[in-house]
Amino acid sequence: MVLARRPLLALLLLAAGGAEAARRAGALRPPRDLAWALKAAAGPVTVEGRLDGPVRETARGWKTTLSFDAPTGPQRALVWLPRGRPVADLEPGRRATATGLLRPPRRPRDPGDFDEEAALEARGAGWVLHARAVTASPEPPPWAWRPLVWAQAARLSAEASFRRRLAPERAALLAGLALGDAGALPRGLRDAVRDAGATHLLVASGSNAGFAAAAGGGAALALGAGPA
């Protein structure tokens, strides 16, 4: 009776139920082209496309995302970068070529395991590329990508500043507190923060602290204060 008197609520519930049913049936999964699947099964591949996400540091290394073309439509891959490779030139919107092992994301083997497939599905990625080499085009990204380029440059600059002044674990913790990005936290420290009930300080609250710090710092510089 309540739903009959509130048709909008009923429509929203039906839409949510339909979306969940479609997801479970696989209709919303990112596409995986068969030709690329055959190439991936044969060994290392070379993928040319456009970087469409920021580079981020995790406990496993640096990662980004790459969109590339296929006969059946656009494809998207999570790219694990080679260890030690500089990341400053891997800007969102820039063309790049990556060579490495391409594979579909893994499903969890046991209940409670990390579901790589679902995590990448939420980001619209249907592939994982473990890159052995990544070459960025010298041509700068289009102007439409510049806000993301500037945002990434500011974040990387802040993270580099933290690493110059603090021990690695403290730098990763400060990045979570100030920027809301806790991906580089070691597992032990991440578990300790979770057990202390302070995970929210590294995610949403961390982003809020970063916005407040940026606003305060900008105001101070405008009033003539020095960087220190």
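Residues numbered from 1 in each chain as written. Predicted model: local features only at pLDDT ≥ 70, side-chain atom pairs only at ≥ 80, totals over all residues. Heavy atoms only, no water.

## Some thoughts on the packing of helix α5 (residues 146-165) against helix α6 (residues 168-179)
Then, in step 1: Direction vectors running N to C along α5 and α6 enclose 140°, while the axes themselves pass 9 Å from each other. Compared by their axis directions, α5 and α6 come out oblique. For the pair α5 and α6, the crossing hand works out as right-handed. Side by side, α5 and α6 meet where Arg155, Ala158, Glu159, Phe162 and Arg163 of the first sit next to Ala171, Leu174, Ala175, Ala178 and Leu179 of the second.
Then, in step 2: For the contact of α5 with α6, a count of residues per class yields seven nonpolar, no polar and three charged. (Axes fitted to C-alpha atoms, helices over the stretch in contact; angles between N-to-C directions. Helix = DSSP H or I, 4+ residues; strand = E, 2+ residues; numbered from the N terminus. Parallel < 35°, antiparallel > 145°, perpendicular 65-115°, else oblique. Left-handed = near helix turned anticlockwise from the far one by under 90°. Contact = heavy atoms within 4.5 Å. Nonpolar A, V, L, I, M, F, W, Y, C, P; charged D, E, K, R; others polar.)

## Some points on the pairing of strand β4 (residues 75-80)
Each regular strand shows side chains that alternate between the opposite faces of the sheet.
Then, in step 1: Of all six residues making up β4, six are buried, and the element is well covered by its neighbours.
Then, in step 2: Here β4 shows a buried face lined by Gln75, Ala77 and Val79 and a second buried face lined by Arg76, Leu78 and Trp80.
Then, in step 3: Summarising the sheet, strand β3 (residues 61-68) and β4 pair through six bridges and their orientation is antiparallel. In the strand pairing of β4, leucine 66 is matched with alanine 77.
Then, in step 4: Counting the residues in the hairpin turn of β3 and β4 gives six residues, including glycine 73, whose phi is positive at 135°.
Then, in step 5: Here four bridges tie β4 to strand β6 (residues 127-136), and the two strands are oriented parallel to one another. By the bridge assignment, tryptophan 80 is partnered in β6 with histidine 130. (Buried < 20%, exposed > 50% of the residue type's maximum accessible area, 1.4 Å probe, protein only. Pairing = 2+ DSSP bridges.)

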